[in-house]
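Close look at the chain arrangement
These are the residues of each chain, in order.
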Amino acid sequence: MEIEMSVPIKKTCDLSLHLINTRNPQPEQVTICEKAFRFWHKSWSQTFSKLGVEKSGTLPADDFLDREVIALFADQEPVALFFANRFDISRDSIIGHSYFKNYPKETIEELRNKNFKEVMVLTYMTVHENWRTKDTDIPMPDLLFSLAMMCFWESGLENLIGYIRKDKSFFQSFYRHGAIKISETNAYNVPVDFCYLTRDTSQLSPLPGVMESTKSLWKKMKEGKEPLLQAALLSS
């Protein structure tokens, strides 16, 4: 009779937090930046393939560059990340950016009617298959979103926008952080919600343990106790 060995639950507080400018990483961050790129590229190439999305035969590095990465590493290997960027959506040329190709025209108009100008944008949530919710002490999507909120609050911006797949349960995490729905449609062959947050509505996840882990990782990063953490997110 075989006895199944239980796998220890991974502790997210043991991870290291890295904030990386992908276009111009600090010299000491180049190695981890390239690791983050390979992790993201492999994960999303597989995702787009499963979704039946044509990405011109390959996922371009353009989707990685010119963004900031909020990345979590275990033993110097990436296990989860999020991209952040900032756009002035009052400019028509910015709305022509590839990021906005899935936004309904009415959604852009509604954001502009709310007087949204420069906003933070979150994209490409990525979690390693060995760091899914069942394997960790707290849900990784909630931890990533909460870390993104910390970055948002320090960015000096007043609003954050994004859209998120509804075919995965982690979309609920966006709402736990104060997201307000504007519209819904399909993007990349799956249903998505378009949402925004403000500095007043945004919050850290209320799920047990997430706030504590978020603040612990952020504190270690700010105090420089983790190596290679010198980049400033969304620097002007």
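Residues numbered from 1 in each chain as written. Predicted model: local features only at pLDDT ≥ 70, side-chain atom pairs only at ≥ 80, totals over all residues. Heavy atoms only, no water.

Focus on the pairing of strand β2 (residues 68–74)
Across the seven residues of β2, seven count as buried, placing the element largely inside the fold. Of the two faces of β2, the one carrying Glu68, Ile70, Leu72 and Ala74 and the one carrying Val69, Ala71 and Phe73 are both buried. As defined by bridge partners, strand β1 (residues 16–21) adjoins β2 across six bridges and the pair is classed as antiparallel. What sits directly across from Ser16, in β2, is Phe73. (Buried < 20%, exposed > 50% of the residue type's maximum accessible area, 1.4 Å probe, protein only. Helix = DSSP H or I, 4+ residues; strand = E, 2+ residues; numbered from the N terminus. Pairing = 2+ DSSP bridges.)

Side note on helix α4 (residues 140–155)
For α4, with 16 residues, the first-to-last C-alpha span of 22 Å sits near the 22 Å given by 1.5 Å per residue. In terms of burial, α4 is a largely internal element, 14 of the 16 residues being buried. Downstream of α4 by a residue or two, Gly156 has a phi angle that is positive, lying close to 85°. (Expected span 1.5 Å × (residues − 1).)

Examining the side chain of Ser183
Structurally, the position occupied by Ser183 is in strand β6 (residues 180–187). Side-chain polar atoms of Ser183 contact the side chain of Thr107, separated by 2.6 Å. Residue contacts for Ser183: discarding those within four places in its chain leaves Pro104, Thr107, Val192, Asp193 and Phe194. (Polar contact = N/O pair within 3.5 Å; in protein donor to acceptor, adjacent residues only side chain to side chain. Contact = heavy atoms within 4.5 Å.)

Quick notes on the pattern of salt bridges
In total, this model carries 12 salt bridges according to the counting rule given. Two residues, Arg165 and Asp167, come together in a salt bridge whose shortest N-O distance is 2.8 Å. Residue class for Arg165 comes out buried when judged on its relative accessible area of 17%. Asp167 gets classed as partly exposed once you look at its relative accessible area, which sits at 37%. Note that Lys166 and Glu184 form a salt bridge whose closest N and O atoms lie 3.5 Å from each other. Note that Lys166 is positioned in the loop between β5 (159–165) and α5 (171–176) and Glu184 in strand β6, a separation of 18 residues in sequence. By relative accessible area, which is 29% here, Lys166 ends up partly exposed. (Salt bridge = Lys/Arg side-chain N within 4 Å of Asp/Glu carboxyl O.)

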